[in-house]
Amino acid sequence: MSKNFKGIILAGGFGTRLKPLTNTISKQLMPVYDKPMIYYPLSTLMLTGIKDILIITTSKDESLFKNLLGNGERLGISISYKVQNYPNGIAEAFLIAEDFIKESNISLILGDNLFAGSDLINILKYAKNNLSGAHIFASIVNNPKSYGVVKFDKFRKIVDIIEKPLEAPSKYAVTGIYFFDSSVIKKTKLLKPSNRNELEITDLLKLYLKEDKLDFSILGRGITWLDTGTFESLHDASSFVKTIENRQGLKLGCPEEIAWRNRWINNSQLKAFSSENLKSGYGEYLLSLLDEKIF
């Protein structure tokens, strides 16, 4: 079994691919159908059983995230905040979060990534509970050249991870959620900035690979992974959520429901959330959970 696990949501950056929308608001606060984008990665961490969460954002947007989520107490979790003044690479998150991580294992999820699927949580929980280094989650994509791509040998063992390759060695892209043991801080401090002047997450993963401590899981058919960082992908994500919710009558990325089902909050607290959001329909959904439990 794993030791204490904490989570980081990386919600910084300038959102340049979504300008002019991001001139006034963080990308991770934009709507994906009926919820702020950050609700989806937050929900993924909560579904995995992680209750101690750090949100890394910009100084401009920090107060907006605090206004939305507070310290997490209302969800039965703990949320704290750190600032990344400039997007110096995903791996920089571990240096910013050093005091937060301490000796814990850590999950990092990108604030513009959406995951959904019936077997997703079982895969994440298994990896979390059996962590022995680092663990990545790969998904088949149609355009692997736009991502970090996993190269396998004939025994289906990882031999390399190539960032945005000209010729992709596979269709398996590294998704925006990662698990690391507490040695991640020490390893991150060994990294040197890339040609983009960033601390690359791919270079960090290669340090684990060199020690033969990089495991992986495949997010196969039935599991959806969406990166919502462009106009088209933001629209696609909203359409996906709308379709699923309207078809099933169940919400995706609903942290209040997850907190309630995990018994981190009680019926009275769920009712309080409901009363604050009745006119949007979000509150009606939360209230309906008390009448008809869906397992």
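All of the points below concern the structure found in this document. Just so it is clear, the structure is predicted and the values come from calculations on it, not from any experiment.

So, the overall build of the protein chain
For the protein chain, the count of helices and strands is eleven helices and 13 strands. Taken over the C-alpha trace, the protein chain has a radius of gyration of 19 Å; the compact-globule value for 295 residues is 19 Å, and the two agree within 12%. Each principal axis of the C-alpha atoms in the protein chain carries an extent, and together these give about 50 × 40 × 40 Å. Evaluated residue by residue, the protein chain yields a buried proportion of 51% over its 295 residues.

What to know about the layout of surface pockets
Rolling a probe over the atoms, with the probe sized like a water molecule, indicates the empty space that remains. If you add up the space inside the second largest pocket, you get close to 1000 Å³. Elements with a minimum of two residues in the lining of the second largest pocket: helix H1 (39-47), strand S7 (113-117), helix H5 (120-129), helix H8 (231-248) and helix H9 (255-261). Tallied by class, residues from the lining of the second largest pocket come to 17 nonpolar, ten polar and five charged.

A few points about the packing of helix H10 (residues 267-276) against helix H11 (residues 282-289)
Between H10 and H11, the shortest axis-to-axis distance is 7 Å and the interhelical angle comes to 155°. With respect to H11, the element H10 is oriented roughly antiparallel. Judged by the twist between their axes, the crossing of H10 over H11 is left-handed. On the side of H10, the interface is formed by Leu270, Lys271, Phe273 and Ser274, while H11 contributes Gly283, Leu286, Leu287 and Leu289. Within the contact of H10 with H11, the residues separate by chemical class into five nonpolar, two polar and one charged.

Details of H10
Quick reminder: α-helices carry 3.6 residues per turn. Residues three or four places apart thus point the same way. Within the sequence span of H10, burial applies to Leu270, Phe273 and Ser274. Buried residues along H10 cover an arc of 100° about the axis, so they all sit on one side. In this structure, the buried side of H10 is in contact with H9 and H11. Of the residues flanking the start of H10, the one acting as N-cap is asparagine 266, its side-chain oxygen 3.1 Å from the backbone nitrogen of serine 268.

The rules behind the values
Residues numbered from 1 in each chain as written. Predicted model: local features only at pLDDT ≥ 70, side-chain atom pairs only at ≥ 80, totals over all residues. Heavy atoms only, no water. Helix = DSSP H or I, 4+ residues; strand = E, 2+ residues; numbered from the N terminus. Rg over C-alpha atoms; globule rule 2.2 N^0.38 Å. Buried < 20%, exposed > 50% of the residue type's maximum accessible area, 1.4 Å probe, protein only. 1 Å grid on protein atoms, 1.4 Å probe; cavity = no way out; pocket = protein on both sides within 12 Å on 5 of 7 lines; lining within 4 Å. Points joined across faces, edges and corners; volume = space filled by probe spheres on them. Nonpolar A, V, L, I, M, F, W, Y, C, P; charged D, E, K, R; others polar. Axes fitted to C-alpha atoms, helices over the stretch in contact; angles between N-to-C directions. Parallel < 35°, antiparallel > 145°, perpendicular 65-115°, else oblique. Left-handed = near helix turned anticlockwise from the far one by under 90°. Contact = heavy atoms within 4.5 Å. Arc of directions from axis to C-beta. Polar contact = N/O pair within 3.5 Å; in protein donor to acceptor, adjacent residues only side chain to side chain.

All we've got here are geometric facts, nothing functional implied.
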